[in-house]
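Below are the chains, spelled out letter by letter.
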Amino acid sequence: MRQLVSWGAAAAMVFGGVVPYVPQYRDIRRTQNAEGFSTYVCLVLLVANILRILFWFGRRFESPLLWQSIIMIITMLLMLKLCTEVRVSNDLNIKRRSFSAADSKDEEIKAPPKRSYLDFDLNYFWHWSKFTDYVQCVLTFTGVTGYITYLWLDSSLFVETLGFLAVFTEAMLGVPQLYRNYQNRSTEGMSVKMVLMWTSGDTFKTVYFILNQAPLQFSICGLLQVFVDMAILLQVYLYSSYPQKPTSHTIHPASTKAL
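Residues numbered from 1 in each chain as written. Predicted model: local features only at pLDDT ≥ 70, side-chain atom pairs only at ≥ 80, totals over all residues. Heavy atoms only, no water.

1. Quick look at the packing of helix α3 (residues 39-58) against helix α6 (residues 156-171)
Two elements in contact, α3 and α6, have axes separated by 8 Å at closest approach and are oriented at 155°. Here α3 lies roughly antiparallel to α6, going by the angle between them. The two elements α3 and α6 cross, and the hand of that crossing is left-handed. Between α3 and α6, the residues in contact are V44, L45, A48, L51, R52, L54, F55 and G58 and V159, E160, L162, G163, L165, A166, T169 and E170, respectively. Residue classes in the contact of α3 with α6 are distributed as 10 nonpolar, three polar and three charged. (Axes fitted to C-alpha atoms, helices over the stretch in contact; angles between N-to-C directions. Helix = DSSP H or I, 4+ residues; strand = E, 2+ residues; numbered from the N terminus. Parallel < 35°, antiparallel > 145°, perpendicular 65-115°, else oblique. Left-handed = near helix turned anticlockwise from the far one by under 90°. Contact = heavy atoms within 4.5 Å. Nonpolar A, V, L, I, M, F, W, Y, C, P; charged D, E, K, R; others polar.)

Printed below as a string of structure tokens:
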């Protein structure tokens, strides 16, 4: 029985993080509208999980945590692919924006430009028109950070810092939403159900870290995630007495907590 519970906890750890994105993915496919999902969520989670995998090479932690990162990366790439296809198909004035070769005039490119990894336009970073550009960016980031990690793998300070950055990046996902709610004195446009799912998931994840003696960075940042989730839920309660602002435009969520 104990072994079954252990396997169940490991499976929940591996796949639990991607569950909230399943209904989001299905909703985007059904409505062909990706305006309600911020692709910056994908960026932050991709960075966090790539760094976590690199941290594993310096300090071997629990295998379910490693597989969780791999599954999350695949999920975020699928979300990016769908969002890019939907956004381009809904854009009547298709403007070619590329990671590896940017068009400074923001006009449709009729002839392929000379491709270079040094001339992309920062104004359109993470707002590209093809999924392959996102893949190129992710591979470039992985290659650069992987090479740096290879050079400094013998440094315990570097390895521990890398692990902290990996989990701290993910832990900070809810802070923009927390600040946005504070500015607006309202939680309008935020999915409370999503926050509840994240709170339960982050709580389970933190308990898992502590019981399985994961690296200290995981436990500290897990507790930080739970604290941010609880703070957002507290905002829901406090701001419920404020009159909600009428929605006259499409709301763009600021973080994972508002999907």
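This is not the end of the story, as more comes after the structure.
2. Some remarks on the pattern of salt bridges
Opposite charge on two side chains lets them pair, provided their charged atoms get close. According to the stated counting rule, one finds six salt bridges in the structure shown. Among the ionic pairs, R30 bridges to D27, the shortest N-O distance being 2.5 Å. With a gap of three residues between them, R30 and D27 both fall in helix α2 (residues 21-31), about one helical turn apart. One salt bridge in this structure joins R52 and E170, with 3.0 Å as the shortest N-O distance. Of this pair, R52 sits in helix α3 while E170 is found in helix α6, placing the two residues 118 residues apart along the sequence. Under the relative-accessibility criterion, R52 is labelled buried at 2%. Here the salt bridges do not stand alone but share partners, grouping R52, E170, D202 and K205 into one network. (Salt bridge = Lys/Arg side-chain N within 4 Å of Asp/Glu carboxyl O. Buried < 20%, exposed > 50% of the residue type's maximum accessible area, 1.4 Å probe, protein only.)

3. Some remarks on the packing of helix α4 (residues 63-90) against helix α5 (residues 131-151)
The interhelical angle for the contact between α4 and α5, taken along N-to-C directions, is 145°, at an axis separation of 9 Å. For the pair formed by α4 and α5, the contact residues are L77, L80, K81, T84 and R87 on the first element and F131, Y134 and V138 on the second. Of the residues in the contact of α4 with α5, the class split is five nonpolar, one polar and two charged.

4. A short note on the packing of aromatic side chains
This structure, assessed with the given rule, holds 13 aromatic pairs. Ring centres 5.7 Å apart and planes at 65° place the aromatic pair W126 and W128 in the edge-to-face group. Residue classification places W126 among the buried positions, given a relative accessible area of 1%. The exposure class assigned to W128 is buried, which follows from its relative accessible area of 1%. The rings of F55, F61, F209 and F218 are connected pair by pair, giving a single aromatic cluster. When the ring centre of W56 is taken as origin, the NZ or CZ atom of R60, which lies over that ring, is 4.0 Å away. Note that R185 overlies the ring of Y182, its terminal NZ or CZ placed 4.3 Å from the centroid. (Phe/Tyr/Trp six-rings, centres within 6.5 Å; stacked < 30°, edge-to-face > 60°. Lys NZ or Arg CZ within 6 Å of the ring centre and 35° of its normal.)

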